[in-house]
Amino acid sequence: MPADRLLNTVLRAYLDAPNPSQTDKILGTTNSLLTTLNNPLNLSLLTSHFLTARAIWQQPDGLRTCLRILSIYNTAAILVRRNELENASLPRGQPPVGSGVRADEWTRAVAKGLDDRSSRWQHTLVLAGVLMGMESNDRRSLSWGLRSTVEQAVVTAANLALEDRSNTSVLGRGAVVLALTYAFPLLSSNNKQLLNCNVLLPAVVEAMLGEEGFQHGDFIQAIQLDIPPAHNLAWVANSPSVERIQKLDTRPLAQNMGPTSRLGAFAIEHAQDSNVILHIHDQILSFTSGLLQKWENCALSTVDPSVEAAKLSPEILQRSWPMLWQLLKKIMFAVVAVLHPIVGRCLLDPHLRNAAVAPTLTSKTLHVLRNLSFISFRDGGNTFQAYNFTYLTSIDILTQYPDACAQLLKETIPPQNQTTPPTPVHQALTLFYLNTAEHLPLSLPTPAAETLIITPATANLAPTSWLISPANTPPSSLTLQLFEASHAALLSVFSCPQHSTVTASLIPFYIDTLLAAFPARISPRQFRLAFRTVMQITSPPFPISATHPELSETLLEMLRYQAEGASAAPLPPAPDATPVPGPETAPISEQTALVLALIDALPYLPAHLMDEWLTRAAEASNAIPDPRMRDAVRRRLWDVLASGELDVDRAVAGVAWWGMRGGREMVAGDGQGGGFMMSGALVQGNKESSRL
């Protein structure tokens, strides 16, 4: 059919009532006409009527329809440019490929069709599609001046649509966000600066969290409705909630949440009104609070990762379960991507970094991250850079305000004295609390530190804790992390000189608990770090070294006694253990870890005790039966002596012990020194001897 007759046919079809069976044909015909009409006036006419077509816009399929409009003009622009290049190489007299309209002329004709009969947000879709088709992938189809004009037109149309909130519907605002998501990388820096970020930012967040995005987390409620009360965790793979998640994941914005969140980050960085940022920050907090509450009320939240295979059917594990967690992680990444520039701006913006706003803003940010902890603590989801910056920077800012620190801990403190394992959600909330509390003791008065940090942490380490009860069998996936976080929280309090009044009385209890927990409930790495930290606290310049000078030696005696009866069997590696740099890469036993902890503590002993405890450390290392483990311990002792960990007085004592009191022979174990030589050794034949 000739193009002119086809144009008349499609213009009549635009006036028909919506008919899903005809929509694809209408869109396909429109796409074809955009590349075959050779009269620019007809191109303008087609675009003008297309954007007001009753058949398309009376019942649009949300942003899917908007994406198709974007795609039509993108595809048409690509074909027009391709035809132009082919026509340039055709011999004279050869009929042109396609319409024969050049790229610049075609773009101007389409733009003229964007009249007052259609909405500004529709103009944004068309212009973004044309810009993408002509200029993406380094095509450079338009002249420099026309490209700049199209870019400015995209920005202007977007601004006008978003500023006219009364005439731009939710769909319209979402369409603008969708168009900018695709067009944003193609805009020049100058044109990006022209975006009105005060109206763009609320539109981006609305699109991310609304029906075209994460649907306010309502898909979780749909899951709960599909789980019959009489059938425990029977989530059928073809249930409506699974279908809803599948559809949600294929929505245009959900598929491009990464670029959308980057657009939001740009809007946050360049918004002129700080109140807009505070408003969307509250929206994100409300969204994550609702998400957490809905997940708590869902039966699937009771399934710990350690027992998933036993509690869930293979059908769920292979299909719907990974799909659900992929969506939840997408939510976490998107939220953190928006929080990241908010916290960054809090460091620079005088309207946000003042004492009236900063503590509230950072406290709310930590509340948001806490609400997402049931996602972030799964499979190391909180280890990416943006999360760490947002989390640690918020804490750094918050620590400047002691009252805000105490208030945050009061608002989030977990229940005490639990004897039965809480749900995985509450375990994640407790872990987040302990990890956060670890950073705050310096900003808290001693009574607050005792109530808000010491009490919750010691409750997890007590013999009556649910963490060590038979009910926690098999151990939950966060058991080890909760133990280590509890130890770290206590150590952070012990390390603050202003809390020395409670530290002295708690250290013996803590060391006893530490020894009882190892190796079943704490890793060798964490055990060594904890004991080393306590020994450091009991040495100068900490006040406790003056009030309790005998404490450090007492702790070493406890450790040595424990090592004498410890098992020499190799310990299984912890699932999340990070190898300790250095020579001790050999398998490690309980006995080896205890002796290594004793050696780690030597730099913090009083100088007059060095000779005695170096000898005991050497004797303890010789008592290790496994040659590889024994060699690793000896090398660690050598490192302490030779690598600069000892201060001057202790180093002098160490040199004297090594050279004049039999230290070298004890470490070598064969009376000949083995391979361990003090600095300055002289070579004699095939042997080395020390000057000392």
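Here the structure is shown first, and the text comes after it.
Everything numeric here is computed off the predicted structure, so don't read it as measured data.

### Quick word on the packing of helix α11 (residues 197–209) against helix α15 (residues 257–270)
- Running from amino to carboxyl end, α11 crosses α15 at an angle of 150°, the nearest separation of the two axes being 9 Å. With respect to each other, α11 and α15 are oriented roughly antiparallel. Handedness of the α11/α15 crossing: left-handed. Counting all contacts with α11, which are made through C197, L200, L201, V204 and M208, the residues of α15 involved are M257, T260, S261, L263, G264, F266, A267, I268 and H270.
- For the contact of α11 with α15, the per-class residue count stands at ten nonpolar, four polar and no charged.

### Focus: the packing of aromatic side chains
- On inspection of all chains with the given rule, the structure shows 15 aromatic pairs.
- Note on F494 and Y510: the rings are 5.6 Å apart at their centroids and 80° apart in plane angle, and the pair reads as edge-to-face. Of the two residues, F494 is situated in helix α25 (residues 479–494) and Y510 in helix α26 (residues 500–517); the sequence distance between them amounts to 16 residues.
- Note on Y510: relative accessible area 0%, which makes it buried.
- In this structure an aromatic cluster arises from ring pairing among F333, F384, Y387, Y391 and F432.
- Over the aromatic face of W325 sits the side chain of R378, whose NZ or CZ is 4.2 Å from the ring centroid.
- One Lys or Arg, R616, reaches over the ring of W613 and ends 4.5 Å from the middle of that ring.

### Re helix α3 (residues 40–50)
- Along α3, the positions that sit buried rather than exposed are N42, L43, S44, L46, T47, S48 and F50.
- Contact partners of the buried residues in α3: α1 (3–14), α2 (20–36), α4 (54–57), α5 (62–88) and α6 (103–112).
- In this structure N39 caps α3, since a side-chain oxygen of it lies 2.9 Å from the backbone nitrogen of L41.

Parameters and conventions
Position numbers for residues start from 1 in each chain and track the written sequence from start to end. The predicted nature of this model means local features are confined to residues of pLDDT at least 70 and side-chain atom pairs, given and counted, to a pLDDT of 80 or more, with totals for whole chains, interfaces and linings taken over all residues. Excluded from the side-chain calculations are hydrogens and water; all other atoms, namely the structure's heavy atoms, are used. Angles run from 0 to 180 degrees between N-to-C directions of axes, and those axes are lines fitted to C-alpha atoms, restricted for helices to the stretch in contact. Starting at the N terminus, helices and strands are each numbered in turn, a helix being any DSSP run of H or I of at least four residues and a strand any DSSP run of E of at least two. Angle categories are assigned with fixed cut-offs, so that under 35 degrees is roughly parallel, over 145 is roughly antiparallel, 65 to 115 is roughly perpendicular, and the rest are oblique. It is the rotation of the near helix from the far one that decides the hand of a crossing: anticlockwise by less than a right angle makes it left-handed, clockwise makes it right-handed. Any pair of residues with heavy atoms lying within 4.5 Å of one another is described as a contacting pair. Polarity classes work like this: nonpolar for Ala, Val, Leu, Ile, Met, Phe, Trp, Tyr, Cys and Pro, charged for Asp, Glu, Lys and Arg, and polar for all others, with Gly in that last group. Two rings from Phe, Tyr or Trp (for Trp, the six-membered ring) form a pair when their centres sit within 6.5 Å of each other. Planes less than 30 degrees apart are called stacked, planes more than 60 degrees apart edge-to-face, and all others tilted. The cut-offs for exposure are 20% and 50% of the maximum accessible area for each residue type, with area from a 1.4 Å probe on protein chains only; residues under the lower value are buried, those over the upper are exposed, and the others partly exposed. Note on geometry: a ring has a charge over it if NZ (lysine) or CZ (arginine) is within 6 Å of the ring centre and within 35 degrees of the ring normal. Here a polar contact means two N or O atoms within 3.5 Å. Within protein one must be a hydrogen donor candidate and the other an acceptor candidate, and residues neighboring in sequence count only if both atoms are side-chain atoms.

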